[in-house]
Amino acid sequence: MGQSLHKPRNKAADSSMSSFSSSSKYSRRAYHAGSWYDSDKNTLDATLSKFLADASKNITPSNNSTEGIPRACICPHAGFSYSGPTAAYSYLALKEALERNPSIRTVVVLHPSHHVYLESCAVSGASTIETPIMNLAVDDALRDQLLSTGKFEIMNQRVDEREHSGEMQYPFIAKILMSVCSQEEIKVLPIMVGSIRTSKEEFYGKLIASYLANESIFTVISSDFCHYGQRFSYSPRPKPSEVSEQGINELFEYIEYIDRKGMDLIELQRPGAFADYFREYSNTICGRHPIAVWLNAVVANSENGTEALDVRFVRYAQSSRVRSNNDSSVSYASAVARVTGS
């Protein structure tokens, strides 16, 4: 099962015009089942149960607040053997949200594009999303509302199924839904966020802000963090000042240092500073654009008094400890956003 997949291909390599269409609806197959996660229902269910049970034992007041109702989570999307234990911390928040907010009817999944060039955002064209746990219905009504803005494209089946960053959320969502509520009550809507400019991140964030602030919607933002090593074309070394000031002795410590600088800006809800951070460090956070769109939506809702959230990272891990430039790793982080003052 993969740590992660490759960077998005460039515009010349994969044209968006042939990848998005208004074609008829389809049932999205569990394309990565059997490789990135188990295809057997019972085996997968047991694996996810263990991840969730282990995470539940480790939740403490220092890494989790139980005051406000959870409204969103940031969650990794690598193979479950790598990122599943970290992802479980995010999905405990979805479980809590469903238990405390019976109004939830839709889980929106904001995810990046690893394979196709996209200068906007695209909704899934599926009517059903298949998982080994159970199938998930897609929210047609919300999709139609977003399409009516004229600013969203529609993924075709091939694009939808090849993209793992959405799919790695669906088994966890299915597992939580089965454990908490009637499976017919809750629908999902995947939204692919392309490699868009900072101005477009702000535009789309403001565009979807009112939807995400609706108490009937819970949002999952899919992203891994630093992809370090030669195979990811990213092998920065710490500056002498960082070594002395931060006490960095190993490369895996530097990777965490870089990641946490970005994580701090997410917690502070500063999308502009988050964009500046990428200009300084070029960190290979593959879901940077979905995160930025969501952050802009959070800020918009806060500024207009619709909803204020507290964002807190509750878990961080690396696939391996990098000690030389010959090593590689992918970082995984889970965050939970809660309503303040609830």
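As the structure is a computational prediction, the values presented were derived from the model and not from experiment.

Novice: Can you tell me about the state of the cysteines, naming the residues and giving the values?
Specialist: Applying the stated criterion to the full structure yields zero disulfides. Of the cysteine sulfurs around C75, a residue in no disulfide, the closest is that of C73, at 5.5 Å.

Novice: Give a detailed account of the sheet that holds strand β1 (residues 26-28), specifying residues and quantitative values.
Specialist: Reading across from one edge, β1-β5-β6 is the order of the three strands in this open sheet, with mixed pairing throughout. This sheet does not close on itself; its edge strands, each paired only once, are β1 and β6 (136-137). For strand β5 (residues 126-129) and β6, the ladder comprises two bridges, and the chain directions are antiparallel. Each bridged residue has a counterpart across the sheet, and for I129 the counterpart in β6 is L136.

Novice: Tell me about the packing of aromatic side chains, and please be specific about residues and values.
Specialist: Applying the stated criterion across every chain, the model contains twelve aromatic pairs. Between F152 and Y204 the ring centres are 5.5 Å apart and the planes differ by 75°, which places this aromatic pair in the edge-to-face class. With F152 in strand β7 (residues 152-154) and Y204 in helix α7 (residues 198-213), the pair connects residues that are 52 residues apart, well separated along the chain. Y204 matches F152 in its accessibility class, with the two residues each being buried. By the ring-pair criterion, three or more aromatic residues cluster together here, those being Y37, F80, Y91 and F172.

Novice: Explain helix α1 (residues 41-58) to me, and be specific about the residues and the numbers.
Specialist: With 18 residues, α1 extends 26 Å between its outermost C-alpha atoms, agreeing within 8% with the 26 Å of an ideal straight helix rising 1.5 Å per residue. Those residues of α1 that sit buried are L44, L48, F51, L52 and A55. Looking straight down α1, one finds its buried side chains confined to an arc of 95°; they lie on one side. Away from the buried face of α1 by more than 90 degrees, exposed residues N42, K50 and K57 are located. Its buried side turned inward, α1 meets α2 (80-100) and α6 (170-180). Sitting at the head of α1, D40 places a side-chain oxygen 3.3 Å from the backbone nitrogen of N42.

Novice: Any chance you could break down the side chain of H227 for me, citing the residues and the numbers?
Specialist: By the secondary structure assignment, H227 is in strand β10 (residues 227-228). A distance of 2.7 Å separates a polar atom in the side chain of H227 from the backbone oxygen of F225.

Novice: Now, about the pairing of β5: what can you tell me, with residues and values included?
Specialist: Across three bridges, β1 lies against β5 in parallel orientation. Residue pairing in the sheet places Y26 in a bridge with A126 of β5. Where β5 folds back on β6, the antiparallel hairpin that results is connected by six residues.

Novice: So what's going on with unusual backbone geometry? Residues and values would help.
Specialist: For Q269, which is not glycine, the phi torsion reads 60° and is therefore positive. Looking at the element boundaries, Q269 is found in the loop between α9 (251-267) and α10 (271-281).

Novice: Account for the pattern of salt bridges, naming residues and giving values.
Specialist: In total, this model carries 16 salt bridges according to the counting rule given. For the salt bridge of R143 with D140, the shortest nitrogen-to-oxygen distance reads 2.3 Å. Of this pair, R143 and D140 both sit in helix α3 (residues 140-147), three residues apart, which is roughly one turn of the helix. Note on R143: relative accessible area 3%, which makes it buried. A single salt-bridge network, built from bridges that share partners, covers K25, D140 and R143.

Novice: Could you give me a rundown of the packing of α1 against α6, with the residues and numbers involved?
Specialist: Contact pair α1 / α6: the axes reach a minimum separation of 11 Å and the direction vectors enclose 80°. Relative to α6, the element α1 lies roughly perpendicular. Side by side, α1 and α6 meet where L44, D45, L48, S49, F51 and L52 of the first sit next to P171, F172, K175 and I176 of the second. Taken together, the residues of the contact of α1 with α6 break down into seven nonpolar, one polar and two charged.

About the thresholds
- Residues numbered from 1 in each chain as written.
- Predicted model: local features only at pLDDT ≥ 70, side-chain atom pairs only at ≥ 80, totals over all residues.
- Heavy atoms only, no water.
- Disulfide = S-S within 2.5 Å.
- Pairing = 2+ DSSP bridges.
- Helix = DSSP H or I, 4+ residues; strand = E, 2+ residues; numbered from the N terminus.
- Phe/Tyr/Trp six-rings, centres within 6.5 Å; stacked < 30°, edge-to-face > 60°.
- Buried < 20%, exposed > 50% of the residue type's maximum accessible area, 1.4 Å probe, protein only.
- Expected span 1.5 Å × (residues − 1).
- Arc of directions from axis to C-beta.
- Contact = heavy atoms within 4.5 Å.
- Polar contact = N/O pair within 3.5 Å; in protein donor to acceptor, adjacent residues only side chain to side chain.
- Salt bridge = Lys/Arg side-chain N within 4 Å of Asp/Glu carboxyl O.
- Axes fitted to C-alpha atoms, helices over the stretch in contact; angles between N-to-C directions.
- Parallel < 35°, antiparallel > 145°, perpendicular 65-115°, else oblique.
- Nonpolar A, V, L, I, M, F, W, Y, C, P; charged D, E, K, R; others polar.

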